[in-house]
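Understanding the architecture of this molecule
As a plain string of letters, each chain reads:
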Amino acid sequence: MKVLFHINEPDFWPRVIINVSNFLRDVGPGRASVEVVANGAGVLAYSLDKQDVIKQMEELHGQGVAFIACRNALKMHGISEQALPSFVTVVPAGITEIVEKQALGYAYIKP
Amino acid sequence: MKVLFHINEPDFWPRVIINVSNFLRDVGPGRASVEVVANGAGVLAYSLDKQDVIKQMEELHGQGVAFIACRNALKMHGISEQALPSFVTVVPAGITEIVEKQALGYAYIKP
Amino acid sequence: MKVLFHINEPDFWPRVIINVSNFLRDVGPGRASVEVVANGAGVLAYSLDKQDVIKQMEELHGQGVAFIACRNALKMHGISEQALPSFVTVVPAGITEIVEKQALGYAYIKP
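Residues numbered from 1 in each chain as written. Chains lettered and ligands numbered in written order. Predicted model: local features only at pLDDT ≥ 70, side-chain atom pairs only at ≥ 80, totals over all residues. Heavy atoms only, no water.

**Observations concerning the environment of P29 of chain C**
Residues and elements named next belong to chain C. The test is simple: In this text, helices come from DSSP runs of H or I with a minimum length of four residues, and strands from runs of E with a minimum of two, each type numbered from the N-terminal end. Each residue is assigned to one of three classes by its accessible area relative to the maximum for its type, calculated with a 1.4 Å probe on protein chains only: buried under 20%, partly exposed between the two thresholds, exposed over 50%.
Structurally, P29 can be placed in the loop between helix 1 (13-27) and strand 2 (33-38). Take P29: its relative accessible area is 85%, and that puts it in the exposed class. Each C-alpha atom of the pair P29 and G64 lies 9.2 Å from the other, and the pair is 35 residues apart in sequence.

Structural data, given as structure tokens:
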């Protein structure tokens, strides 16, 4: 199973974390490719000092979940790529990433 | 045609109902498989005493629309499965249901 | 690449415009089929006198982006089809348009 979660609202990170966690627990370890793509204001959570959310992302990353940031969004919000947590991968354009992953058979979910 | 509607906000039920109704009227009877998957706070409408929304769901169910509730969300909101309307089907994890249906060719719509 | 953007909230037009613009700049001219489908209150932007948004849509339309309005939504909001900008195409039901385009391989994005 392959699934991409799209987030562009900072307040929606808790529900994304819960959705991803429940999904991984439901399907079991190693059964799914999971990617979270943040664009727009969704990238803010990567830079803010919200240690609880970052820690939850880190745990999910340890289970294989990819966390993506859109470079356009980082620039728009004045976030330095050097300031991002090490588990975050930056792509040139979040929308292109979402389009390409769906073309590869990823389900799209907007929590 | 196959289509899945995803709802995780209680306030969005009226637009989901309208979207599904317009779609069914547009394509005609028996032409589409339609499923509505509620997770997060979207499941609240199944339990609240909102008789007008429940009645609209019931009418759509009579036209073949499946209404799904995520068990994780029911637990999180303290909703007993026994209290649900009889036309609601409970699945272990709403996200898994959404992923599987997209893999089967269902279009995904987030109203 | 083929991608459909779905908008049903009038306030989300700026982010749709930015998402589409960044995507087109990222992939380069003539590399993608892009369609924006507005239903619900998303159609309001086509009728309001918001000249800046309409102008941005017009520029994107010049780059090949299709702008679609749902007839059900136009009726619900009392918008005359004659009052729409000339670059807007009206379809009988926005949801059917979204379902059909996904069946044709379009990625779905809800900004």
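So, next bit.
**What to know about the packing of helix 1 (residues 13-27) of chain B against helix 5 (residues 94-103) of chain C**
Selection criterion: Geometry is summarised by axes, namely lines fitted to C-alpha atoms with helices restricted to the contacting stretch, and by angles between N-to-C directions that run from 0 to 180 degrees. Any angle from 65 to 115 degrees is called roughly perpendicular, while one under 35 is roughly parallel, one over 145 is roughly antiparallel, and all others are oblique. Two residues qualify as a contact provided that any one of their heavy atoms is within 4.5 Å of a heavy atom in the partner residue.
Following both chains from N to C, one finds helix 1 of chain B and helix 5 of chain C inclined at 75 degrees, their axes separated by 8 Å at the closest point. The pairing of helix 1 of chain B with helix 5 of chain C is recorded here as roughly perpendicular in orientation. Residues N19, F23, D26 and V27 of chain B of helix 1 of chain B touch helix 5 of chain C, and the partners they reach there are I95, T96 and V99 of chain C.

**Description of the relation of the copies chain A and chain C**
How we decide: We superpose the copies by least squares over the C-alpha atoms of residues that have a pLDDT of at least 70 in both of them.
The two copies are related by a screw motion: chain A maps onto chain C through a turn of 120 degrees and a shift of 0.0 Å along the axis, at an RMSD of 0.0 Å. Each copy turns onto its partner about a three-fold axis. A share of only 12% of the interface residues of chain A reappears at the interface of chain C, consistent with the copies meeting through non-equivalent patches.

**Brief notes about the packing of helix 1 of chain B against helix 3 (residues 51-62) of chain B**
Residue and element names in this part refer to chain B. In plain terms, the rule: By the definition used in this description, the sense in which the near helix is turned from the far one sets the handedness, with an anticlockwise turn below a right angle giving left-handed and a clockwise turn giving right-handed. Only Asp, Glu, Lys and Arg are considered charged in this grouping, and only Ala, Val, Leu, Ile, Met, Phe, Trp, Tyr, Cys and Pro are considered nonpolar; every other residue, Gly among them, is considered polar.
At a minimum axis separation of 11 Å, helix 1 and helix 3 run at an interaxial angle of 25 degrees. One finds that helix 1 runs roughly parallel with respect to helix 3. For the pair helix 1 and helix 3, the crossing hand works out as left-handed. Only V53, Q56, M57 and L60 of helix 3 make contact with helix 1, whose side of the interface consists of W13, I17, V20, S21 and L24. When its residues are assigned to classes, the contact of helix 1 with helix 3 shows seven nonpolar, two polar and no charged.

**Some remarks on the interface of chain B and chain C**
The following threshold applies: Take the accessible area each of two parts loses on contact, using a 1.4 Å probe, and add the two losses: that sum is the buried area. Every case where a carboxyl oxygen of Asp or Glu lies within 4 Å of a side-chain nitrogen of Lys or Arg is listed as a salt bridge. Two N or O atoms form a polar contact when they lie within 3.5 Å of each other; inside protein one atom must be a possible hydrogen donor and the other a possible acceptor, and for residues adjacent in sequence the pair counts only when both atoms belong to side chains.
Listed as interface residues are 18 residues of chain B and, on the opposing side, 16 residues of chain C. With both sides pooled, the region where chain B packs onto chain C buries about 1,300 Å², and carbon together with sulfur makes up 60% of that total. At the surface where chain B touches chain C, the tally comes to one salt bridge. R15 of chain B serves as the salt-bridge partner of E9 of chain C, at 3.3 Å between the closest nitrogen and oxygen. Where chain B packs against chain C, one counts six residue pairs in polar contact (both at pLDDT 80 or more). Those elements that place two or more of their residues in the side of chain B that touches chain C are strand 1 (2-7), helix 1 and strand 5 (107-109) of chain B. Residue contributions to the side of chain B that touches chain C peak at eight residues, all from helix 1 of chain B. Here the residues of the side of chain B that touches chain C sort into eleven nonpolar, two polar and five charged.

Remember, this is a structural readout, not a statement about activity or role.
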